[in-house]
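These are the residues of each chain, in order.
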Amino acid sequence: MKRAFGAILTVLGIIGIIWGAYAFVMGGDGGAIGKYTALVPFLVGLIFFFSGIGLVKTTKDQT
């Protein structure tokens, strides 16, 4: 269960990193997100990514 949650966090982190980086490079994604506000999903994506990787690495298989 923990490994599945870690994989979900990792995927969400990758999506957040890509979305935040794209929005920052493009100067924001329209009216909703400005250039520097786009750093928030990028940072949240980094947190999700590294916590997901850590959760997958530290969880042992119970077979």
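Preceding this paragraph is the structure being described.
These numbers come from a predicted model, not from an experiment. (Residues numbered from 1 in each chain as written. Predicted model: local features only at pLDDT ≥ 70, side-chain atom pairs only at ≥ 80, totals over all residues. Heavy atoms only, no water.)

A word on a nonpolar patch on the surface
What counts is decided by this rule: Exposure above 30% relative accessible area and no salt bridge define the residues that can form patches, which grow by joining like charges within 9 Å and nonpolar side chains of Val, Leu, Ile, Met, Phe, Trp and Tyr within 5 Å. Per-residue accessibility takes into account occlusion by the displayed protein chains alone, with areas from the Shrake-Rupley method and a 1.4 Å probe. Criterion for a salt bridge: a side-chain nitrogen of Lys or Arg within 4 Å of a carboxyl oxygen of Asp or Glu. Note on conventions: DSSP H or I runs of at least 4 residues are helices, E runs of at least 2 residues are strands, and numbering of each starts at the N terminus. Partly exposed describes any residue whose relative accessible area lies between the buried limit of under 20% and the exposed limit of over 50%, with all areas from a 1.4 Å probe on protein chains only and scaled to the type maximum.
A cluster of nonpolar side chains, contributed by I8, V11, L12, I15, V40, V44, I47 and F48, occupies part of the molecular surface with about 700 Å² of accessible area. Secondary structure elements with two or more residues in the nonpolar patch: α1 (2–25) and α2 (39–58). Structurally, F48 can be placed in helix α2. Of the residues examined, F48 reaches a relative accessible area of 32% and is grouped as partly exposed.

A look at α2
For clarity, the cut-off: Under the convention used throughout, the expected extent of a helix is 1.5 Å for every residue step, that is, one less than its residue count. Our arc is simply the arc of the directions from the helix axis toward the C-beta atoms. The criterion used for residue contact is that any of the two residues' heavy atoms lie within 4.5 Å.
Taking 1.5 Å per residue as the helical rise, α2 with its 20 residues ought to reach 28 Å, and the 28 Å between its terminal C-alpha atoms agrees with that figure. Considered for burial, the residues of α2 that qualify are P41, G45 and G52. Along the long axis of α2, the arc covered by the buried residues comes to 40°, so they all point the same way. Exposed residues on α2 whose side chains face more than 90 degrees from its buried face are I47, F50, K57 and T58. On the buried face of α2, the contacting elements are α1.

Re the side chain of T59
Condition: Polar contacts, as counted here, are pairs of nitrogen or oxygen atoms within 3.5 Å of one another; within protein the pair requires one atom able to donate a hydrogen and one able to accept it, and residues that are adjacent in sequence qualify only if both atoms are side-chain atoms.
If you trace the backbone, T59 turns up in the segment after α2. Among the polar contacts made by the side chain of T59, one reaches the main-chain carbonyl oxygen of L55 at a distance of 2.6 Å.

Description of α1
With 24 residues, α1 should reach 34 Å at 1.5 Å per residue; the first-to-last C-alpha distance of 34 Å fits that figure. Buried within α1 are the following residues: G6, L9, T10, G13, G16, I17, G20 and A23. As for α1, its buried residues are in contact with α2. Two residues or fewer past α1, G27 is found with a positive phi of approximately 80°.

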